[in-house]
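Chain and residue survey
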Amino acid sequence: MTETQSRWRIPLSDVLVDDELVDAVLGVVRSGWWSMGPRVEQFESDFAAFCGAAHAIAVANGTAALHLALLAVGCGSDDEVVVPSLNFVAAANTIEHTGAAPVFCDIAGPHDLNLDPADLEAAVTPRTKAVVVLHYGGNPCDMTSVDEIAERHGLVVVEDAAHAPGASLNGRMCGTLGRVGCFSFFANKNLPVGEGGMIVTDDDELAARLRLLRSHGMTTLTWDRHRGHASSYDVVLPGFNYRLDEVRAAVGSVQLSRLPEENAGRARVAARYRSALEDRAGLTVPFGGDDATRVPSHHLAVVVLPEGADRAAVRGALADAGIQTSVHYPPIHTFTAYQGVSGRPLPQTDAVAERLLTLPLYGRMTDDDADLVAETLLQTL
Ligand SMILES: Cc1ncc(COP(=O)(O)O)c(C=O)c1O
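Residues numbered from 1 in each chain as written. Predicted model: local features only at pLDDT ≥ 70, side-chain atom pairs only at ≥ 80, totals over all residues. Heavy atoms only, no water.

**Topic: the pattern of salt bridges**
Note the cut-off: Any Lys or Arg side-chain nitrogen located within 4 Å of an Asp or Glu carboxyl oxygen qualifies as a salt bridge. When accessible area is computed with a 1.4 Å probe and restricted to protein chains, residues below 20% of their type maximum are described as buried, those above 50% as exposed, and intermediate ones as partly exposed. Secondary structure elements are defined from DSSP: runs of H or I of at least 4 residues count as helices, runs of E of at least 2 residues count as strands, and each element is numbered from the N terminus.
Under the definition given, this model contains 21 salt bridges. Among the salt bridges present, the one from Asp-245 reaches Arg-248, with a minimum N-O distance of 2.6 Å. For Asp-245, a relative accessible area of 23% translates into the label partly exposed. A salt bridge links Asp-367 to Arg-268; the nearest nitrogen and oxygen atoms lie 2.7 Å apart. Taken together, the positions of Asp-367 in helix H13 (residues 367-380) and Arg-268 in helix H10 (residues 246-277) put the pair 99 residues apart, joining distant regions of the chain. Arg-268 sits in the partly exposed class, given a relative accessible area of 32%.

Written as structure tokens, this is what we have:
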């Protein structure tokens, strides 16, 4: 029994730990080469091929991916970057760390928790440099409208694709729809490594800049020098150490090979939730409707509770039944550090903020467990 299973009857997320994964880790440990090297290169080329991107750059985590992407596209002081407030705080934090100002935009509404393109447009000023779009819960956002607005105003589109490995829109993978896409391999993600991230782009120059920024601005890596491909290095810009190590890259490659099956399992559970919960007891299950052009990755199973529902009580009742839940997310503009930072009204975000509830979801979750979660939620309401 794993740690996560021991605390909850049905945890929010779960990972499969098996011999293939353990052997991958031990293989790296035994190889004696632990920092960035051949496994990182392999993981990068596999991930690039999976996404259909020209370049994939492995980094320490998804936050590092966002930070480097924003820096590499040129965000800095005097710039504004629009981002939906209904997102993980990393997007706003990393915008701040480039010196730019985050400007929060609204979501479309309870049926579509992705950004509202009309409000993105309303948030644009002459200082706007970029927009960070989130594919909330792995549901591709309306990139046609985003692209059109970005083109008209000369904005760079950065994708926060942390929820969306394997999600696609019109046959193109999320992460490759903007200028640069950022993924997270945090322990609860569809492709869990523990900590890890990836940046994808088709832009050769941007990729070269991202590689430099990832490793101190150095022109060669320790791995290059070890192989005799270089004997020294120059530093051409002030970079960071945002590298991924070999152990985590080896885990990442195994998890990437399992991603299609993981996403299929998530799709099965999400469909079961939808048929049990949609329009029942005042619940809204967002992102409904048939649209063959959009393939979600089902990172999150989110429901919007009826207006006035006591979310803490609902979560408490589910917890009493051994069912772990979460909230994605407390909107960024409500945090102490961001209150009043952008000052734009966000009525749709505010209207759902206290009503969002995330249910357990992972590929190996059984139909019986999904039914139990749905039944318990309906009884609670
Ligand atoms: C939407 C989103 N963006 C960014 C991140 C940051 O990723 P990481 O935790 O790997 O730094 C996360 C993950 O936690 C996320 O869910």
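Back to the write-up after that little detour.
**A short note on the environment of Gly-74**
As a reminder, the rule being used: We call two residues contacting when some pair of their heavy atoms lies within 4.5 Å.
Checked against the element boundaries, Gly-74 lands in the loop between helix H4 (62-72) and strand E2 (80-84). Sequence separation between Gly-74 and Phe-88 is 14 residues, and the spatial gap between their C-alpha atoms is 22 Å. Residues contacting Gly-74, with those up to four places away along its chain left out, are Asp-79 and Lys-129.

**Side note on unusual backbone geometry**
Following His-328, the chain continues into Tyr-329 via a peptide bond in cis, with omega recorded as 5°. Checked against the element boundaries, Tyr-329 lands in the loop between helix H11 (311-320) and helix H12 (347-353). Non-glycine residue Ala-281 carries a positive phi angle of around 50°. One can find Ala-281 in the loop between H10 and strand E12 (294-295). A residue is classified by how much of its surface remains accessible, and Ala-281, at 42% relative accessible area, is partly exposed. With phi around 50°, His-298 is a residue other than glycine that occupies positive phi space. Relative to the assigned elements, His-298 resides in the loop between E12 and strand E13 (301-304).

**Observations concerning helix H2 (residues 19-31)**
To be explicit about the condition: By definition here, a helix of n residues has an expected span of 1.5 Å times n minus one.
Helix length check: H2, at 13 residues, gives a terminal C-alpha distance of 18 Å against a target of 18 Å (1.5 Å per residue), a fit within 8%. Along its buried surface, H2 packs onto helix H3 (38-51) and H10.

**Observations concerning the nonpolar core**
Quick note on the threshold: Nonpolar core, defined: a set of buried Ala, Val, Leu, Ile, Met, Phe, Trp, Tyr and Cys residues in which side-chain atoms within 4.5 Å join the residues together.
By size, the foremost hydrophobic cluster in this structure holds 48 residues, and its most contacted members are Phe-43, Phe-47 and Met-198. Considering every element that reaches this core, the biggest residue donor is H10, with six residues.

**A short note on the packing of aromatic side chains**
Two numbers describe a pair of aromatic rings. These are the distance of the centres and the angle of the planes. Heads up, the rule is: Within 6.5 Å between ring centres, the rings of Phe, Tyr and Trp (the latter by its six-membered ring) count as paired, and their orientation is classed by plane angle as stacked under 30 degrees, edge-to-face over 60, tilted in between.
A full pass over the atoms with the stated rule returns ten aromatic pairs. Consider the rings of Trp-33 and Trp-223, whose centres lie 5.1 Å apart with planes at 50°: the pair is tilted. Of the two residues, Trp-33 sits in the loop between H2 and H3 while Trp-223 sits in helix H9 (residues 222-226), which places them 190 residues apart along the sequence. For the residue pair Trp-33 and Trp-223, the accessibility class agrees, reading buried in each case. Ring pairs connect the aromatic residues Phe-43, Phe-47, Phe-50, Phe-183 and Phe-185, which therefore count as one cluster.

**Concerning the packing of H4 against helix H5 (residues 90-98)**
The following threshold applies: Lines fitted to C-alpha atoms define the axes, with helix axes restricted to the stretch in contact, and inter-axis angles between N-to-C directions lie between 0 and 180 degrees. Working definition: roughly parallel below 35 degrees, roughly antiparallel above 145 degrees, roughly perpendicular at 65 to 115 degrees, and oblique for all remaining angles. Handedness of a crossing is defined here by the sense of rotation of the near helix relative to the far one, left-handed for an anticlockwise turn of less than a right angle and right-handed for a clockwise turn. Throughout, the ten residues Ala, Val, Leu, Ile, Met, Phe, Trp, Tyr, Cys and Pro are labelled nonpolar, Asp, Glu, Lys and Arg are labelled charged, and all others, Gly among them, are labelled polar.
At a minimum axis distance of 9 Å, the contact between H4 and H5 shows a crossing angle of 40°. In this view, H4 runs oblique relative to H5, as classed from their interaxial angle. Once H4 is placed against H5, the crossing between them reads as right-handed. In this structure, H4 uses Thr-63, Leu-66, His-67, Leu-70 and Leu-71 to contact H5, whose residues at the interface are Ala-90, Ala-91, Thr-94, Ile-95, His-97 and Thr-98. Among the residues making up the contact of H4 with H5, the classes are represented as six nonpolar, five polar and no charged.

**Quick notes on the sheet that holds strand E6 (residues 128-134)**
The test is simple: DSSP-based pairing: two strands are paired if at least 2 bridges between them are found.
What the seven strands build is an open sheet, ordered E1-E11-E10-E7-E6-E2-E3; its pairing is mixed. The open sheet has two edge strands, strand E1 (55-59) and strand E3 (101-105), and neither has a second partner. Averaged over all neighbouring strand pairs, the angle between strand axes comes to 25°, with direction disregarded. Two elements, strand E7 (residues 156-160) and strand E10 (residues 180-184), share three bridges in a ladder whose sense is parallel.

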